[in-house]
Amino acid sequence: MNFSFENEWLILNYTNDIYYEFKFNQYSKGFLVAMWIKDKSFLSDKFVYQKIQSLTERNSKAFKLTEDNRGIYLYSEKRSLSEIASLFEYFYSNTKDIVKISD
C-alpha cells in the first residue's frame, strides 16, 4: 500500500478515544509519530498518568507531552523517513501497556 504524506497524517485507531498517528511536517521536512489519549476517565487514573510521565522522563526525544482540553498528546521529535518505522516500533512497544489498561 502507498500513502502520500504530503499534507496528511495516517491515523491508526486503538479505540475512538485513543489512537496513533504518523504525521509529516512539510515545513521542516520531518516525520513524527504520536498518540492521542482523549478519554477523560482513563486519563484520571493516576497509574496511567504516572506511566506517561515516566516515558517522557526516560526518553525526551521519543516522548514529548502536550496536554490541552482535548486530552494528552504524546509525540516524538521529527525524524527522517528512514527512521520512522523503527521509531514507531519503539514508540508503540513503550506505549502498548498504557493502552491495554483501557481495555
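Note that the structure is a prediction, hence the values are computed from the model and not measured. (Residues numbered from 1 in each chain as written. Predicted model: local features only at pLDDT ≥ 70, side-chain atom pairs only at ≥ 80, totals over all residues. Heavy atoms only, no water.)

**Student:** Is there a simple way to explain the overall build of the protein chain in this structure?
**Tutor:** In terms of helices and strands, the protein chain carries three helices and five strands. The proportion of buried residues among the 103 residues of the protein chain is 34%. The contacts of the protein chain with a sequence gap of at least 6 include a subset with a gap of at least 24, amounting to 51%. Total accessible area on the protein chain stands at roughly 6,500 Å², and carbon and sulfur atoms take up 48% of it. (Helix = DSSP H or I, 4+ residues; strand = E, 2+ residues; numbered from the N terminus. Buried < 20%, exposed > 50% of the residue type's maximum accessible area, 1.4 Å probe, protein only. Contact = heavy atoms within 4.5 Å. Areas by Shrake-Rupley, 256 points an atom, 1.4 Å probe, with all protein chains shown as cover.)

**Student:** Would you explain the nonpolar core in this entry?
**Tutor:** Generally speaking, soluble globular proteins have nonpolar side chains that are buried together. Judged by nonpolar contacts, the single largest core of 23 residues is most densely connected at Val33, Met35, Ile37, Ile52, Leu74, Phe91 and Ile98. Of all the secondary structure elements, the ones that give two or more residues to this core are β2 (18–25), β3 (30–37), α1 (40–43), α2 (46–58), β5 (71–75) and α3 (81–101). The element best represented in this core is α3, accounting for six residues. With sequence-adjacent residues up to four places away left out, Ile52 is seen in contact with Ile37, Leu43, Leu65, Ile72, Leu74 and Ile98. (Core = buried A, V, L, I, M, F, W, Y, C linked by side-chain atoms within 4.5 Å.)

**Student:** What am I meant to see in the packing of aromatic side chains here?
**Tutor:** Geometrically, a pair of aromatic rings is defined through the distance of the ring centres and the angle of the planes. The full count for this structure, using the stated rule, is nine aromatic pairs. With a centroid separation of 5.8 Å and an interplanar angle of 85°, the aromatic rings of Tyr20 and Phe88 are classed as edge-to-face. Of this pair, Tyr20 sits in strand β2 while Phe88 sits in helix α3, placing them 68 residues apart in sequence. Residue class for Tyr20 comes out buried when judged on its relative accessible area of 3%. (Phe/Tyr/Trp six-rings, centres within 6.5 Å; stacked < 30°, edge-to-face > 60°.)

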